[in-house]
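Structure assessment
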Amino acid sequence: MNTQDLLRKIPSVDSILMEPGFLELMEQYGSMPVKSILQQLLESKRSQILAAEPDTLDAMQDSITSTNIFNDVKISLTNKMQANLRPVINATGTVLHTNLGRAPLAMSALDAIDGIGRGYSSLEYKIKEGKRGSRHDLVENLLTEITGAEAAMVVNNNAAATMIVLASIGSGHEIIVSRGELVEIGGSFRIPEIMEESGAILREVGATNKTKLRDYKRAIVKSDTDKHPSTAALMKVHKSNYDIVGFTEETSLQELRDLSLDTNLPLIYDMGNGLMIDMSEYGIQEPDVPSAIRTGADVVLFSGDKLLGGPQAGIILGRKDLIDKMKTHPLARALRVDKLTFAALEATLRLYLDKDKAINEIPVLHMITESLDVQNDKASRLIAGVNSGLSMQIVETKDQIGGGTTPMLRLDGISLSVSSDKHSIASLERKLRLNSVPIIAHINEDRLLLSMRTIADSEIDIVIEALNQIGKTNE
Ligand SMILES: *Cc1c(COP(=O)(O)O)cnc(C)c1O
């Protein structure tokens with residue numbers, strides 16, 4: 001066969017598109033992407049043929065049959081049309097995994113997103129009165145009921161909450177923060193930088209390891225002078241993702257509350273993780289939101305997607321006069337959240353009306369409190385389902401909550417250590433990660449571990465199938 005003969009054998013675009021397989025692809029993805037991938041593919045076949053040595057031409061015939069072209073197009077198309085944001089299975093044991101989207105949502109939150117996203121909604125509409133409403137009212141009552149706060153507002157995330165709180169209370173004035181609490185939370189969130197962006201002036205007090213009440217007292221400036229702006233607020237930031245140990249001293253919220261009453265300065269508390277219920281019986285010694293409100297913080301702010309277990313959001317609670325100023329601040333519009341977030345947040349908050357319901361139905365709380373028995377049971381089901389010659393061993397591990405919370409806390413957990421004669425640990429990890437539903441495992445001391453805590457019941461069968469497939473393949 002010569003080059004021209006082979007070129008003539010390439011089927012035409014139109015004839016290929018008549019193949020039933022192609023009609024189906026066009027139905028699924030639309031005709032334009034199918035045609036454009038087909039044209040690119042045929043173009044590259046032509047160039048390959050033109051560049052080929054004469055004695056390889058015969059061998060190329062197969063690659064231009066309709067069936068093979070169809071398979072090639074299908075593979076490229078599936079790759080191209082695959083979403084970039086995909087569900088994955090978290091087998092790392094880190095409950096609030098920042099790279100894996102922090103908090104999975106409760107069923108009722110998912111139902112709410114589905115219902116609200118499908119059509120129109122009462123986002124800014126009062127149904128009883130038939131009048132315009134405000135999105136600020138959607139979850140305010142729930143938040144005040146659950147936490148005891150006077151007023152509430154929701155923005156995009158806790159970084160946004162910090163921004164609007166500081167801008168509305170402290171712009172042009174000093175806000176006093178302990179040096180030991182100038183946190184950096186992942187990426188680019190640093191308290192000093194956010195403060196600068198907000199227009200408030202950071203007044204650091206104390207030393208890294210010790211800040212005493214008198215450090216705050218001394219730093220207070222009562223009224224503006226030409227040389228020095230006055231103090232607008234006292235601020236406490238929860239040390240979410242680190243701990244200072246050894247020779248340390250931290251001024252308590254209660255002490256700051258007394259100082260704020262004496263000086264008439266608002267007390268702002270960035271709590272970070274938004275723990276809504278006392279979970280000390282589960283070994284989680286974190287301050288919870290209702291207690292902070294009870295102690296008397298004037299403004300409390302935290303994330304919606306950390307220990308609260310809801311969608312990404314920044315929640316601000318506190319004194320009505322201060323929250324009202326934030327609602328009418330120009331930043332409020334820039335930082336506002338959309339209806340899907342409100343749908344998920346409202347449904348999540350409703351679960352908090354009953355502590356047991358919250359712990360059972362909010363995935364983050366459910367996973368944190370999951371017993372070793374339940375985890376052992378998941379591990380046994382996995383072992384029973386895998387029949388492909390992988391070796392699997394139940395091991396005890398230490399899980400963490402993650403997401404920049406409770407840095408020192410380790411939860412006793414159960415993992416499966418998976419190994420194989422045919423695959424290295426790194427290759428097993430990679431194959432699981434490239435599974436059609438990616439399974440993100442972790443490697444610890446040369447073991448490939450699948451943590452049971454963060455694998456949902458409904459995901460066990462997917463993991464079994466993936467392991468069985470991997471077990472059958474060779475390196
Ligand atoms: C996580 C955290 C933030 C940032 O919250 P995002 O919701 O991620 O913007 C701010 N402050 C503290 C103390 C935190 O723990």
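Up top you'll find the structure we're talking about.
All values derive from a computational prediction rather than experimental measurement.

With that settled, consider the overall build of the protein chain. Counting its secondary structure elements, the protein chain contains 21 helices and 18 strands. In terms of C-alpha radius of gyration, the protein chain reaches 29 Å, well past the compact-globule figure of 23 Å for 475 residues. When the backbone C-alpha atoms are referred to their principal axes, the protein chain occupies close to 95 × 55 × 50 Å. A burial count over the protein chain gives 48% of its 475 residues as buried. As presented, the protein chain carries roughly 23,600 Å² of accessible surface, and 48% of it is formed by carbon and sulfur atoms. Positive and negative charge centroids in the protein chain, built from 51 and 64 side chains respectively, lie 4 Å apart.

Moving on: the site of the ligand. Within the structure, the ligand sits among 13 residues, and Arg-102, Ser-240, Asp-270, Ser-303 and Lys-306 are positioned closest to it. Here an oxygen atom of the ligand and a backbone polar atom of Asn-158 are 2.9 Å apart. Lys-306 places a side-chain nitrogen or oxygen 2.7 Å from an oxygen atom of the ligand. In isolation the ligand exposes 380 Å². Once the protein is present, 95% of that is buried. Those elements that provide at least two residues to the shell around the ligand are α9 (158–170) and β11 (267–272). Grouping the constituent residues of the shell around the ligand by class yields four nonpolar, six polar and three charged.

The residue Arg-102 is not glycine, and still its phi comes out positive at about 55°. Checked against the element boundaries, Arg-102 lands in the loop between β2 (94–96) and α7 (107–118).

Let's shift gears to the pairing of strand β13 (residues 314–318). The side chains of a regular strand alternate between the sheet's two faces. Most of β13 sits out of view: five of its five residues are buried. Across the two faces of β13 the burial is the same, with Gly-314, Ile-316 and Gly-318 and Ile-315 and Leu-317 all buried. Judged from the five bridges that link them, strand β5 (residues 151–155) and β13 form a sheet pairing that is antiparallel. If you follow Val-154 over to β13, its bridge partner there is Ile-315. Summarising the sheet, strand β12 (residues 299–303) and β13 pair through five bridges and their orientation is antiparallel.

Before going further, it helps to spend a moment on the pattern of salt bridges. Using the criterion set out here, one finds 27 salt bridges in the structure. The salt bridge partner of Glu-249 is Lys-210, with a shortest N-O separation of 3.8 Å. One end of the pair, Glu-249, is in the loop between β10 (231–237) and α12 (253–263); the other, Lys-210, is in the loop between β9 (201–205) and α11 (213–219), with 39 residues separating them in the sequence. The exposure class of Glu-249 is partly exposed, given its relative accessible area of 34%.

This part is about the sheet that holds β2. Sheet strands pair by backbone hydrogen bonding; their relative direction is either parallel or antiparallel. Here we have five strands laid out as an open sheet, ordered β2-β14-β15-β18-β17, and mixed in their pairing. Each of the sheet's edge strands pairs with one partner strand only, and the pair in question is β2 and β17 (442–444). On average, adjacent strands in this sheet sit at an angle of 45° to one another, irrespective of strand direction. For β2 and strand β14 (residues 391–402), the ladder comprises two bridges, and the chain directions are parallel. Across the sheet, the residue bridging to Thr-94 is Gln-400, located in β14. In the packing of helix α19 (residues 372–385) onto the sheet, the strands contacted are β14 and β15 (411–419), and the crossing angle to β15 comes to about 10°. Across the face of the sheet, helix α20 (residues 425–433) comes into contact with β15, β17 and β18 (447–451) while running at roughly 35° to β18.

Right, let's get into the layout of surface pockets. The calculated volume of the largest pocket comes to roughly 1,100 Å³. Lining of the largest pocket is provided by 33 residues; of these, Val-88, Ala-103, Pro-104, Leu-105 and Glu-459 occupy positions nearest its centre. Elements with a contribution of two residues or more to the lining of the largest pocket: α18 (363–368) and α19. Broken down by element, the residue count for the lining of the largest pocket peaks at four residues, all from α19. By residue class, the composition of the lining of the largest pocket is 15 nonpolar, eight polar and ten charged.

The next point concerns the environment of Gly-304. With respect to the element layout, Gly-304 can be found in the loop between β12 and β13. Gly-304 sits in the buried class, given a relative accessible area of 0%. Along the sequence, Gly-304 and Ser-44 sit 260 residues apart, while their C-alpha atoms lie 50 Å from each other. Once you skip the residues sitting within four places of it in the chain, Gly-304 turns out to touch Gly-309, Gly-310, Pro-311, Ala-313 and Ile-315.

Turning to the environment of Val-154, a few remarks are in order. Structurally, the position occupied by Val-154 is in strand β5. Separated by 199 residues in sequence, Val-154 and Leu-353 place their C-alpha atoms 19 Å apart. Sequence-distant contacts of Val-154, defined by excluding residues within four places in its chain, comprise Val-139, Leu-143, Ala-313, Gly-314, Val-337, Phe-342 and Leu-345.

The subject of this paragraph is the sheet that holds β5. Judged by pairing direction, the sheet is mixed, and its seven strands sit side by side in the order β5-β13-β12-β11-β10-β6-β9 without closing on themselves. The sheet terminates laterally at β5 and β9, the two strands that pair on one side only. Each strand axis lies, on average, 25° off the axis of its neighbour in the sheet, ignoring direction. Pairing of strand β6 (residues 174–178) with β10, which is carried by four bridges, proceeds in the parallel orientation.

Take α9 next. The end-to-end C-alpha separation of α9 is 17 Å, in line with the 18 Å expected for 13 residues at 1.5 Å each. Counted residue by residue, α9 has twelve buried out of 13 residues, so it is predominantly covered. Restricting attention to buried positions, one finds in α9 the residues Asn-158, Ala-160, Ala-161, Thr-162, Met-163, Ile-164, Val-165, Leu-166, Ala-167, Ser-168, Ile-169 and Gly-170.

What counts, and where the lines are drawn
- Residues numbered from 1 in each chain as written.
- Predicted model: local features only at pLDDT ≥ 70, side-chain atom pairs only at ≥ 80, totals over all residues.
- Heavy atoms only, no water.
- Helix = DSSP H or I, 4+ residues; strand = E, 2+ residues; numbered from the N terminus.
- Rg over C-alpha atoms; globule rule 2.2 N^0.38 Å.
- Buried < 20%, exposed > 50% of the residue type's maximum accessible area, 1.4 Å probe, protein only.
- Areas by Shrake-Rupley, 256 points an atom, 1.4 Å probe, with all protein chains shown as cover.
- Lys, Arg positive; Asp, Glu negative; His and termini not counted.
- Charge placed at Lys NZ, Arg CZ, Asp CG, Glu CD.
- Near = heavy atom within 4 Å.
- Polar contact = N/O pair within 3.5 Å; in protein donor to acceptor, adjacent residues only side chain to side chain.
- Nonpolar A, V, L, I, M, F, W, Y, C, P; charged D, E, K, R; others polar.
- Pairing = 2+ DSSP bridges.
- Salt bridge = Lys/Arg side-chain N within 4 Å of Asp/Glu carboxyl O.
- Axes fitted to C-alpha atoms, helices over the stretch in contact; angles between N-to-C directions.
- Contact = heavy atoms within 4.5 Å.
- 1 Å grid on protein atoms, 1.4 Å probe; cavity = no way out; pocket = protein on both sides within 12 Å on 5 of 7 lines; lining within 4 Å.
- Points joined across faces, edges and corners; volume = space filled by probe spheres on them.
- Expected span 1.5 Å × (residues − 1).

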